[in-house]
Amino acid sequence: MTSPPFAQAAFELPLWPQGVPDPVAGGRPERWFTSAPGAPFHYRQVRNVTEPTLIAFLPDPAQATGAAVIVCPGGGHHTLAIDHEGSDVARWLAARGVAAFVLKNRLIPTPDRDEDFETRMQHVMAHTGELEALVAAHLPHLLRDGERALALVRGHAAEWGLRADCVGMLGFSAGGHLAAMVTLRGAPGQRPDFLAPIYGSMWGPVTAPQNPPPLFLAYSNDDPLGDFVIGANLELYRAWRGAAPVELHAYAQGGHGFGLHAWGLASDHWPEQFRLWLGERLASRLRNG
């Protein structure tokens, strides 16, 4: 089957046009770079984000379903895999009738030099307790940016041809953590209408909120982060099971960070499985008014 042509980015909006509340302490100049040589694949990243934005990818109105997804790239809350877990995914969704908005959220400050950044990331990924402490301190910024992104999309729903009651969050790795925390900590009117962490992690013990949104989970059983991802996903699944519709895909292989890359594995098919799952959610919304 021939895939539809990718949609193009329509525009980029600042999350806080009147000024960012509670600026990140110790913020550094924003830095765009490419993954280090020797990585399984090369991809652009951005770090030291202090001025968060939403990058919009709107579908052809003739194909639009009315659903919208805020896409949250991963990167340990120190960087964002802005293409393969962001704009590439957003284009894929928009080409299939789903409006997508890449969240370029505020990040934990990192050294200016790429070499020093790589050393820092190797250290924090090897010392997960230190990483969790850094993320806990940064969490208020993540929550404010995530909630603000939802409010912006819902506020423009009529203008952009969207259903204000079908705005969800799809996050990868640390982006899945951001999306999950907005769902778990947000007030009822500030939560996403559906939640899809892809190899997400770091949320700890979970109690589902009252009337939780539908949940889609996907990860691989050979994820090198082990229970940091797998255990976290099972914790979220158990909390949601019986409380709201939940679907879990645990692939035999895929590693961590597969995004939209095709490896010839079953995990390659998560985007289409997510699209079908989202279609069911949208159909249910339409049936129920």
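Reading guide: rules and limits
- Residues numbered from 1 in each chain as written.
- Predicted model: local features only at pLDDT ≥ 70, side-chain atom pairs only at ≥ 80, totals over all residues.
- Heavy atoms only, no water.
- Pairing = 2+ DSSP bridges.
- Helix = DSSP H or I, 4+ residues; strand = E, 2+ residues; numbered from the N terminus.
- Contact = heavy atoms within 4.5 Å.
- Axes fitted to C-alpha atoms, helices over the stretch in contact; angles between N-to-C directions.
- Phe/Tyr/Trp six-rings, centres within 6.5 Å; stacked < 30°, edge-to-face > 60°.
- Buried < 20%, exposed > 50% of the residue type's maximum accessible area, 1.4 Å probe, protein only.
- Lys NZ or Arg CZ within 6 Å of the ring centre and 35° of its normal.

**Structural notes on the pairing of strand 3 (residues 44–47)**
Okay, step 1: The pairing of strand 2 (residues 31–34) with strand 3 spans 4 bridges and is antiparallel. Across the sheet, residue arginine 31 finds its bridge partner in strand 3, namely arginine 47.
Okay, step 2: By the bridge criterion, 2 bridges tie strand 3 to strand 6 (residues 79–80) in an arrangement that is antiparallel. Each bridged residue has a counterpart across the sheet, and for arginine 47 the counterpart in strand 6 is threonine 79.

**Examining the environment of cysteine 72**
Okay, step 1: Tracing the sequence through the fold places cysteine 72 in strand 5 (residues 68–72).
Okay, step 2: Cysteine 72 sits 54 residues away from alanine 126 along the chain, and the two C-alpha atoms are 23 Å apart.
Okay, step 3: Not counting residues up to four positions away in its chain, the partners in contact with cysteine 72 are Glu85, Leu103, Met169, Leu170, Gly171, Phe172, Gly175 and Leu178.

**Some points on the sheet that holds strand 8 (residues 167–172)**
Okay, step 1: The 8 strands lie next to each other as 1-4-7-5-8-9-10-11, forming an open sheet whose pairing is mixed. Every interior strand has two partners, whereas the edge strands, strand 1 (11–14) and strand 11 (246–251), have only one. Strand-to-strand twist of the sheet, defined as the mean angle between neighbouring strand axes without regard to direction, takes the value 15 degrees.
Okay, step 2: Summarising the sheet, strand 10 (residues 215–220) and strand 11 pair through 6 bridges and their orientation is parallel. When the bridges of strand 11 are listed, tyrosine 219 appears paired with alanine 250.

**As for the packing of aromatic side chains**
Okay, step 1: Within the structure shown, the criterion is met by 10 aromatic pairs.
Okay, step 2: Pairing phenylalanine 172 with tryptophan 270 gives two aromatic rings, centres 5.5 Å apart and planes at 70 degrees, and the pair type is edge-to-face. Within this pair, whereas phenylalanine 172 is found in strand 8, its partner tryptophan 270 is found in helix 7 (residues 270–287), the two being separated by 98 residues in sequence.
Okay, step 3: Residue classification places tryptophan 270 among the buried positions, given a relative accessible area of 1%.
Okay, step 4: Grouping aromatic residues by their ring pairs yields a cluster made of Phe172, Tyr199, Phe258 and Trp270.
Okay, step 5: Between arginine 47 and the ring centre of phenylalanine 33, over which it is positioned, the NZ or CZ distance is 5.1 Å.
Okay, step 6: Lying across the ring of tryptophan 92, arginine 96 places its NZ or CZ 3.9 Å from the centre.

**Things to note about the pairing of strand 4 (residues 53–57)**
Okay, step 1: Across the 5 residues of strand 4, 5 count as buried, placing the element largely inside the fold.
Okay, step 2: The side-chain alternation of strand 4 yields two buried faces, one formed by Thr53, Ile55 and Phe57 and the other by Leu54 and Ala56.
Okay, step 3: Two strands pair when backbone bridges link them, and strand 1 and strand 4 are joined in this way by 4 bridges, in the antiparallel orientation. Its bridge partner being in strand 4, leucine 13 is matched across the sheet by leucine 54.

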